[in-house]
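An overview of the molecular structure
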Amino acid sequence: MNPVATLLMTVFFGAIVLMMGIVIFRESGRSISDALNECLAWGAGFFVAMSMQVLAIATLS
């Protein structure tokens, strides 16, 4: 398998773990909809930022 694709899949699964952690370990006073909004924002930001880094490194080599 292509190393770039492997790294992008790793980043994708990392974003999913991050999002699940935000929902599971939310503060007791917060609603589930607030936690879902926060996890989507963090997950999308993490995926975009890390994917851009993977692609930038791949173009250098």
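Residues numbered from 1 in each chain as written. Predicted model: local features only at pLDDT ≥ 70, side-chain atom pairs only at ≥ 80, totals over all residues. Heavy atoms only, no water.

1. Things to note about the UniProt feature "transmembrane region" (unreviewed entry) in the protein
In the numbering used here, UniProt assigns the feature "transmembrane region" (unreviewed entry) to residues 6-27 and 39-60. When the span residues 6-27 is considered, its composition is 86% helix and 0% strand, and the gap between its end C-alpha atoms is 34 Å. Helix makes up 100% of residues 39-60 and strand 0%, with an end-to-end C-alpha separation of 32 Å. (UniProt positions renumbered as here; feature names shortened; annotations may be inferred. Helix = DSSP H or I, 4+ residues; strand = E, 2+ residues; numbered from the N terminus.)

2. Comments concerning a nonpolar patch on the surface
On the surface, M1, M9, F12, F13, I16, M20, I24, F25, F47, V48, M52 and L55 cluster together into a nonpolar patch covering about 1,300 Å² of accessible area. Counting residues per element, the ones that place at least two in the nonpolar patch are α1 (3-24) and α2 (32-60). At six residues, α1 tops the list of elements feeding residues into the nonpolar patch. Mapped onto the elements of the fold, L55 is located in helix α2. (Patch = residues over 30% accessible without salt bridge, like charges linked within 9 Å, V, L, I, M, F, W, Y side chains within 5 Å. Areas by Shrake-Rupley, 256 points an atom, 1.4 Å probe, with all protein chains shown as cover. Salt bridge = Lys/Arg side-chain N within 4 Å of Asp/Glu carboxyl O.)

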